[in-house]
Amino acid sequence: MTTADPLYQVFADSLAIPLEQVNDELTYNTIPQWDSTAHMVLVAELENHFKVMLDTDDIIDMSSVAKAREILAKHGVTA
Amino acid sequence: MILQGYQVTLTPVGEDDLDLLRQWRNDPDIARQMLSQEPISEEQQQAWFKKISRDPAQQHFVIRFRDEPIGSANIKACGPGKTLKTATTIEPGLYIGDPRYRQNILAFAPTLVLNDYCFEQLGVQQLRAVVKATNTAALNYNQKLGYRTLNSGDLVEITLNFEDYQQHTRAMKALLSRSATRTNP
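Right, let's walk through the structure included here.

About the cut-offs
- What you see as residue numbers is a count from 1 along each chain, following the sequence as written.
- Chains carry letters from A onward and ligands carry numbers from 1 onward, assigned in written order.
- In keeping with the predicted nature of the model, local features appear solely for residues at pLDDT of at least 70, side-chain atom pairs appear and are counted solely at 80 or more, and the whole-chain, interface and lining totals rest on all residues.
- Derived side-chain values reflect all non-hydrogen atoms in the structure, with water molecules and hydrogen atoms excluded from consideration.
- By the criteria applied, helices consist of DSSP H or I runs no shorter than four residues and strands consist of E runs no shorter than two, each listed in order from the N terminus.
- Based on C-alpha atoms, the radius of gyration is set beside the globule rule, defined as 2.2 Å times the residue count to the power 0.38.
- Burial status follows relative accessibility: with a 1.4 Å probe on protein chains alone, a residue under 20% of its type maximum counts as buried, one over 50% as exposed, and anything between as partly exposed.
- The contact criterion used is simple: two residues touch if any of their non-hydrogen atoms lie within 4.5 Å.
- A 1.4 Å probe and the Shrake-Rupley method give the accessible areas. Residues count as covered only by the protein chains that appear here.
- Whenever a carboxyl oxygen of Asp or Glu lies within 4 Å of a side-chain nitrogen of Lys or Arg, that contact is scored as a salt bridge.

Our next topic: the overall build of chain A. What chain A contains, in helices and strands, is four helices and zero strands. Rg of the C-alpha trace for chain A: 11 Å, near the compact-globule value of 12 Å for 79 residues, within the 12% margin. If you line up chain A on its principal axes, its C-alpha atoms span 30 × 30 × 20 Å. The buried share among the 79 residues of chain A stands at 51%. Of the contacts formed within chain A by residues at least 6 apart in sequence, a portion of 45% connects residues at least 24 apart. Looking at chain A as shown, the accessible area adds up to about 3900 Å², and 55% of this sits on carbon and sulfur atoms.

This is the structure:
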């Protein structure tokens, strides 16, 4: 049994999409589910799950799953 | 007048901005969503710039983020003889020229700045926009801001009042108003 990538799981839950649809290349606004409203939910979920506080630069730069991983790493989170 | 907020700055269009603005405006990806898709020549743009520079019914801005130009925004008074100071309805317009920010939450920032200015400083009753029915991205974008559809067809007329705008953008404003760590060069 393998455990899902926790970052992928947060994206899947926040965007309400199947886990299989999440990959590092997934980008903001390229699927209907990742719109501005979902982006706000995503920010809140990332903060809750990984216990970080994102600033506006992070929120703007977080345009893909890969970028989210980079930003979390900047906050000392290995996701 | 320079407008600022939500991490972006809107500065009035100047002569030095015209080349970049023309380049963006003639980009097929941007021109496709415009009501007129004809390429703009340098001469046409110069004539346009002369006209808008002394027109109290409209104002055009360059959007800057982290000290770089990323797009263009404008506001126009609706109604014959109306100026931006006397209009009760204003039509805002915007495009993001820099491809790095077209698919980005930041695209909301200049609109929030402009809309705040129109409602809170100019005191307009409503904002209005006419969008191609095929431009679903713009329609979805405007729906997130609280716009309601007035008329549908090949062109969709939408309007926004202050109350709807406030309700729909509270969370977005909070998100884009957090502190920013990056220092501009």
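What follows covers the pattern of salt bridges. Residue and element names in this part refer to chain B. Following the criterion strictly, the structure yields 20 salt bridges over all chains and no others. Here Asp 27 and Arg 102 are joined by a salt bridge, their closest N and O atoms 3.3 Å apart. Taken together, the residues span a long stretch of sequence, with Asp 27 in the loop between helix H1 (18-25) and helix H2 (28-31) and Arg 102 in the loop between strand E5 (89-96) and helix H4 (108-121) at a distance of 75 residues. Relative accessible area serves as the criterion here: at 22%, Asp 27 is assigned to the partly exposed category. Here Lys 173 and Asp 116 are joined by a salt bridge, their closest N and O atoms 2.8 Å apart.

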